[in-house]
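Observations on chain architecture
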Amino acid sequence: MHWLIKSEPFKYSWDMLVRDGSTTWDGVRNNQAAIYLRSMKIGEELAFYHSNEGLAVVGVARVAGEHFIDPSDPKGRFPAVTVAPVRPLAMRVTLAAMKAEPRLAGMAMFRQFRLSVAPVTDAEWDVIMEMGGG
């Protein structure tokens, strides 16, 4: 399984993840996104997407630690996972390019755009990696 995770680069960017070596992916407060976080397994790859600014997949990360209670959630209801960088993409894969690619028309990201975490099928992953040269 593959995933797409979104982050606003002014809050937490790909470069920050690379600098830090890993991070707790926390602050998710949507029930569907929480289900996705609970489904993540160690070693699964993540498309790191810059939202708001940039609007592009910029790198590949991986799940380095399966879900645990999000330390930033005062009620202890929502999960977090640990993610680590794998590699940057040679070319950013923009939202416009993904939307223009017919093989990506069914992506969960397009059906539930507000989610910060979404599944990516193996076929979709292959297309995104092809587009990104990665």
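Above this text sits the structure in question.
All of the points below concern the structure found in this document.

1. Comments concerning the pattern of salt bridges
Tallying each qualifying case throughout the model produces 6 salt bridges. Its salt-bridge partner being Glu130, residue Arg103 comes within 3.0 Å of it at the nearest N-O pair. Remark: Glu130 occurs in helix 5 (residues 122-132) and Arg103 occurs in the loop between helix 3 (95-100) and helix 4 (108-111); sequence separation between them is 27 residues. Given a relative accessible area of 52%, Glu130 falls into the exposed group. Taken together, the shared-partner salt bridges connect Glu101, Arg103 and Glu130 into one network.

2. Some thoughts on the packing of aromatic side chains
Inspection of the entire model under this criterion finds 3 aromatic pairs. Look at Trp25 and Phe48: their rings are 5.6 Å apart centre to centre, the planes differ by 80 degrees, and that puts the pair in the edge-to-face class. Pair noted here: Trp25 is in strand 2 (residues 23-25) and Phe48 is in strand 3 (residues 45-50), with a separation of 23 residues, a long-range link. The class for Phe48 is buried, based on a relative accessible area of 0%. Through successive ring pairs, a cluster of aromatic residues spans Trp14, Trp25 and Phe48. The ring of Phe113 carries Lys6 above its face, with NZ or CZ at 3.9 Å from the centroid. We note Lys99 situated over the ring of Phe113; from NZ or CZ to the ring centre the distance is 5.7 Å.

3. As for the sheet that holds strand 2
An order of 2-5-4-3-1-6 is seen for the 6 strands of this open sheet, with the pairing classed as mixed. With partners counted over all chains shown, the strands left at the sheet margins are strand 2 and strand 6 (117-120), one partner each. If you compare each strand with its neighbour and ignore which way they point, the axes differ by 40 degrees on average. In the sheet, strand 1 (residues 2-7) pairs with strand 6 via 4 bridges, with the strands oriented antiparallel.

4. Focus: the nonpolar core
Ranked by size, the top nonpolar core spans 21 residues in total, and within it Ile5, Trp25, Met40, Leu46, Phe48 and Val117 carry the most contacts. Secondary structure elements with two or more residues in this core: strand 1, helix 1 (14-20), helix 2 (31-39), strand 3, strand 4 (56-69) and strand 5 (79-94). The element contributing the most residues to this core is strand 4, with 4 residues. When neighbours within four sequence positions are excluded, Met40 is seen to be in contact with Trp3, Ile5, Leu46, Val63, Glu66, Val81 and Val117.

5. Points about the side chain of Glu101
Along the polypeptide, Glu101 turns up in the loop between helix 3 and helix 4. Every residue in contact with Glu101, bar those within four places of it in the chain, is listed here: Val127 and Met131.

6. Overview of helix 5
Those residues of helix 5 that fall on the buried side of the exposure criterion are Glu124, Trp125, Val127, Ile128, Met129 and Gly132. On its buried face, helix 5 is in contact with strand 1, strand 3, strand 4, strand 5, helix 3 and strand 6. Count one or two residues on from helix 5 and you reach Gly133, which has phi positive near 65 degrees.

Parameters at a glance
- Residues numbered from 1 in each chain as written.
- Predicted model: local features only at pLDDT ≥ 70, side-chain atom pairs only at ≥ 80, totals over all residues.
- Heavy atoms only, no water.
- Salt bridge = Lys/Arg side-chain N within 4 Å of Asp/Glu carboxyl O.
- Helix = DSSP H or I, 4+ residues; strand = E, 2+ residues; numbered from the N terminus.
- Buried < 20%, exposed > 50% of the residue type's maximum accessible area, 1.4 Å probe, protein only.
- Phe/Tyr/Trp six-rings, centres within 6.5 Å; stacked < 30°, edge-to-face > 60°.
- Lys NZ or Arg CZ within 6 Å of the ring centre and 35° of its normal.
- Pairing = 2+ DSSP bridges.
- Axes fitted to C-alpha atoms, helices over the stretch in contact; angles between N-to-C directions.
- Core = buried A, V, L, I, M, F, W, Y, C linked by side-chain atoms within 4.5 Å.
- Contact = heavy atoms within 4.5 Å.

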